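# Geometric and topological summary
Here are the chains, one letter per residue:
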Amino acid sequence: MAVWALGINHHTAPLDLRGRFAFALDQIEPTLQGLRASLTSAGKAHNAVETAILSTCNRTEIYCAADAPAMDHTMHWLANSGGVAPELLRQHSYVLQDGLVARHAFRVASGLDSMVLGEAQILGQMKNAVRAAETAGALGTTLNQLFQRSFAVAKEVRSSTEIGAHSISMAAAAVRLAGQLFEDLTKIRVLFVGAGEMIELVSTHFAARNPKQITIANRTMERGEKLASQFGANTMRLADLPEHLHEYDAIISCTASTLPIIGLGAVESALKKRKRRPIFMVDLAVPRDIEAEVKHLNDVYLYTVDDLATVVRTGQAQRQAAVQQAEVIIDTGVQNFMQWMDQRNPVGGAVSLIQQVNAQADEWRALEIARAKKLIAKGEDIDTVLEALSRGITQKMLHGTMAALHKGDADERAQTADTVSRLFLRSSRNNSNKL
């Protein structure tokens, strides 16, 4: 099997380009089915293609396994799904194969490739991606092994190193930035748009600072009310957002909308009603929830996920020793995964060799049994037949070995003799050692 991965992340692509390739969790299953159908119909794989997609605010990555790699086809497919030219995507993406895929997946799961070094949220996002692939029927033995080993490596990294120490999460960074604008967070009104995992994290951090009011605006009121109940917060329908925007000093948004839900006009109107009192805004969504032009308005302090990068990297120097320890663990994980892959390699791996040896032995055995049956049918003595059967099988099994012992120069014969000794004379040596 060949394993390959194609991805874009916060290191390689700007926010707006990443937004074109963001997949909501409920989009993953049909997207995976489309990718698999595309690879199969294009004749890129003879057997079923394994696929998985990891899509977060910082990255979109496609993982594939098939009997032959198809990186170019995957590149064109992803470019088409995002409505961009393959050449543009190629400039901002990375393509990995086999061991490099394993290393990357292990680093991602361990938080070494995140904007927040050592952050733990990515591990849960990877597990969600695996569950989505399983539900879609797109996860086979190879990718399942890759991801399960990723989770095991991540667990060892977190338990054996201090990779998560001193880290500042995106949620904590948002609160810190708000504190730089407002002297007293207990006097501000905070609006959260969305009710997903990221909003839950950020709202928890803000709630700890006891703001004057917290409101949750969400398309589904039931989900919004469930989150609001944790903090004694108010709720609002998403449709009512424009007419109430001016009431809030801080607005943090993170939804799965494919289009901005807070436009330039709505924010301009809110500023007029606030008599130019500043608004702190954080857009954690990919694609954007807040129109990019809002950033240029006076009295608006808008931060995106990329804008928070400088803040969340604080304390990174203290974690470099832990990174080196983590890389050692990852190296071992990669070696183990590649050994497992080699054993399953249908071309030259151990599994194939074992199958070929067994097939050859079965053929020899069948020939000798057929010969023995003929001798028995002719009335030959049973002991004589058994003696001929055992001698025939033994000669067939040892013929190649004996021939190899007489071929080549002295060094080759010595190497062959050592191999034969290890394979065929182990019991003899063990018995002699006991004596």
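Each value, and the rule that gives it
- Residues numbered from 1 in each chain as written.
- Predicted model: local features only at pLDDT ≥ 70, side-chain atom pairs only at ≥ 80, totals over all residues.
- Heavy atoms only, no water.
- pLDDT = per-residue confidence, 0-100.
- Contact = heavy atoms within 4.5 Å.
- Core = buried A, V, L, I, M, F, W, Y, C linked by side-chain atoms within 4.5 Å.
- Buried < 20%, exposed > 50% of the residue type's maximum accessible area, 1.4 Å probe, protein only.
- Helix = DSSP H or I, 4+ residues; strand = E, 2+ residues; numbered from the N terminus.
- Pairing = 2+ DSSP bridges.
- Axes fitted to C-alpha atoms, helices over the stretch in contact; angles between N-to-C directions.
- Salt bridge = Lys/Arg side-chain N within 4 Å of Asp/Glu carboxyl O.

## Here's the deal with the confidence of the model for the protein
In this model, the protein carries a mean pLDDT of 87, and residues with pLDDT of at least 70 account for 91%. Low pLDDT (under 50) marks residues 431–435, which in the prediction has zero contacts with non-local residues, meaning those over four places away or in another chain.

## Let's talk about the nonpolar core
Phe 106, Leu 143, Leu 146 and Phe 147 are the most contacted members of the largest nonpolar core, which totals 66 residues. Per element, the largest residue contribution to this core is nine residues, and it comes from helix H14 (residues 320–344). With residues near it in sequence (within four places) discarded, Leu 146 still touches Tyr 63, Val 101, Ala 102, Ala 105, Phe 106 and Phe 337.

## Observations concerning the sheet that holds strand S2 (residues 50–55)
One open sheet accounts for four strands, arranged S2-S3-S1-S4; its pairing is antiparallel. For this open sheet the edge positions go to S2 and strand S4 (94–97), each flanked by a neighbour on one side alone. Between one strand axis and the next, the sheet turns by 15° as a mean value, whatever way the strands run. With four bridges connecting them, strand S1 (residues 2–9) and S4 associate as antiparallel partners. Looking at S4, one finds that Ala 5 is bridged to Leu 96. In the packing of helix H6 (residues 121–135) onto the sheet, the strands contacted are S2 and strand S3 (59–66), and the crossing angle to S2 comes to about 145°.

## Here we look at the pattern of salt bridges
Summed over the entire model, instances satisfying the criterion amount to 14 salt bridges. Two residues, Arg 288 and Asp 16, come together in a salt bridge whose shortest N-O distance is 2.6 Å. Here Arg 288, found in the loop between strand S9 (279–283) and strand S10 (300–304), pairs with Asp 16, found in helix H1 (residues 15–20); they are 272 residues apart in sequence, far enough to count as distant. Judged by its relative accessible area of 46%, Asp 16 falls in the partly exposed class.

## So, the sheet that holds S9
Within the open sheet, the six strands sit side by side as S7-S6-S5-S8-S9-S10. Their pairing is parallel. For this open sheet the edge positions go to strand S7 (234–237) and S10, each flanked by a neighbour on one side alone. Neighbouring strand axes in the sheet, compared pairwise and without regard to direction, differ in orientation by 20° on average. Pairing of S9 with S10 involves five bridges; the strand directions are parallel. Bridging across to S10, Ile 279 finds its partner in Val 300. Along the sheet, helix H10 (residues 221–228) makes contact with strand S6 (213–218) and S7, crossing S7 at roughly 160°.

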